[in-house]
Amino acid sequence: MKHYKSINDLKDLQQAVQDAIALKKDKLKYKTLGADKTICLLFFNNSLRTRLSTQKAAQNLGMEVIVMNFGSEGWALEYEDGTVMDQGKSEHVKEAAQVVSQYADVIGIRAFAGLENKESDAAELVLNSFVKYASVPIVNMESSVGHPLQALTDAITIEEHKIIGRKPKVVLSWAPHPKALPHAVANSFINMMQLQEADFVITHPKGYELNAEITKDVQIEYNQEKAFENADFVYVKNWSSYNDYGQIKCTDPNWMITASKMKLTNNGKFMHCLPVRRNVVVADEVIDSDNSLVIKQAANREFAAQIVLKNILEND
Ligand code: AN0
Ligand code: CP
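These notes cover the structure that comes with them. None of these values were measured; they are calculated from a predicted model. (Residues numbered from 1 in each chain as written. Chains lettered and ligands numbered in written order. Predicted model: local features only at pLDDT ≥ 70, side-chain atom pairs only at ≥ 80, totals over all residues. Heavy atoms only, no water.)

**Considerations on the nonpolar core**
Here is step 1 of the chain: Counting 57 residues, the largest nonpolar core has Y4, L152, L172, F189, M192 and F200 as the members making the most contacts within it.
Here is step 2 of the chain: Among the elements that line this core, the one with the most residues is helix 13 (residues 294–313), at 8 residues.
Here is step 3 of the chain: Here Y4 is in contact with D9, L10, I138, V139, N140, P148, L149, L152, V308 and I312, once residues within four sequence places are set aside.
Here is step 4 of the chain: Of all hydrophobic cores here, the second largest spans 22 residues; its members include L77, V93, V131 and V136. (Core = buried A, V, L, I, M, F, W, Y, C linked by side-chain atoms within 4.5 Å. Buried < 20%, exposed > 50% of the residue type's maximum accessible area, 1.4 Å probe, protein only. Helix = DSSP H or I, 4+ residues; strand = E, 2+ residues; numbered from the N terminus. Contact = heavy atoms within 4.5 Å.)

**Section: the packing of aromatic side chains**
Any pair of aromatic rings gets described here by the distance separating the centres and the angle formed by the planes.
Here is step 1 of the chain: If you walk through the whole model with that rule in mind, you get 7 aromatic pairs.
Here is step 2 of the chain: Ring centres of Y242 and Y245 lie 6.0 Å apart, and the angle between their planes is 80°; this geometry places the pair in the edge-to-face category. Across this residue pair, the class does not change: Y242 and Y245 are buried.
Here is step 3 of the chain: Feature note: the residues F44, F70 and F130 constitute an aromatic cluster, connected by ring pairs.
Here is step 4 of the chain: Over the aromatic face of Y222 sits the side chain of K206, whose NZ or CZ is 4.7 Å from the ring centroid.
Here is step 5 of the chain: Positioned over the ring face of Y30 is K310, at 4.5 Å from the centre of the ring. (Phe/Tyr/Trp six-rings, centres within 6.5 Å; stacked < 30°, edge-to-face > 60°. Lys NZ or Arg CZ within 6 Å of the ring centre and 35° of its normal.)

**Quick look at the side chain of T153**
Here is step 1 of the chain: Relative to the helices and strands, T153 resides in helix 7 (residues 148–161).
Here is step 2 of the chain: Excluding residues that lie within four positions of it along the chain, T153 makes contacts with Q297, N300, R301 and A304.

**Quick notes on unusual backbone geometry**
Note on backbone geometry: most residues besides glycine have negative phi, and most peptide bonds are trans.
Here is step 1 of the chain: Of the consecutive residues L274 and P275, the connecting peptide bond is found in the cis state with omega at 5°.
Here is step 2 of the chain: Looking at the secondary structure, you find P275 in the loop between strand 11 (269–271) and helix 12 (284–287).
Here is step 3 of the chain: The phi angle at N267 is positive, at roughly 50°, despite the residue not being glycine.
Here is step 4 of the chain: Tracing the chain through its elements places N267 in the loop between helix 11 (259–262) and strand 11.
Here is step 5 of the chain: When its relative accessible area of 58% is taken as the criterion, N267 is described as exposed.
Here is step 6 of the chain: If you check the backbone angles, N279 has positive phi at about 60° while not being a glycine.
Here is step 7 of the chain: Looking at where N279 falls in the secondary structure, it is placed in the loop between strand 11 and helix 12.

Here it is in structure tokens:
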């Protein structure tokens, strides 16, 4: 694997999941693989889990880590070719990406969707500009379209908690949120689920349909309670409207995940990528219950990142 832009860049998802689970038993097994190599993590947006777990994963492989909050501390970058740069942008990504490549063997990029321009978000401008101009592998730490480190984590967590011998029913449920959020986490979760043996259903209010090129033929159920029936996993995420790009069309608190809704499931596990707003997205009683996997998901971020970096270092 050269770059990790999407979950589809993994040669074999099931193998990566098994490798990550095996790694948990001996996470320093490949401590020399990254010796004398440096990873540079560039954050154009906030982070807790991605920043710390990717750093930890790189350290487990013996790599040196440089982290930069590019969004607040770097020069404002220009992305278009041929621009007369006499406005606010100080540096072109063409130089920036080549410069970082002088110091790093791998570059991680986090650059969320701006949610203002559907076309430029779809083009994953920041991520793809680094892929284009950098001379080293690029890892997607959440782009405008996807969050594949999260999706690999979620695949690992589902594998660890599914009932053996039963095809799991997995529900991706929209939930309310006061801010307009990106589609990336939901998109990558869907991409990942399409590579799994599962009964997979998406539930959201009308008007929250995601990109049909991503959802393809996945069943959409507009009745959340119906979708929850018999579910083994309920994966919750807010996103803003895709068709009415970046708009908030529904704030109905009845879409919040409550204990009475979880009772409709097959003793279902609650999942969320975090950060989550308590008692808006999910009631305390659910996130604090024994069926909540959120901290286990966060723990698995370290191993998901480690498998991705290991594959890159081995050029596998
Ligand atoms: C981000 C999002 O929804 O994409 C990051 C999630 C990992 N969440 C927020 O901005 C709250
Ligand atoms: N889940 C996740 O990516 O969290 P952070 O935004 O805190 O990195």
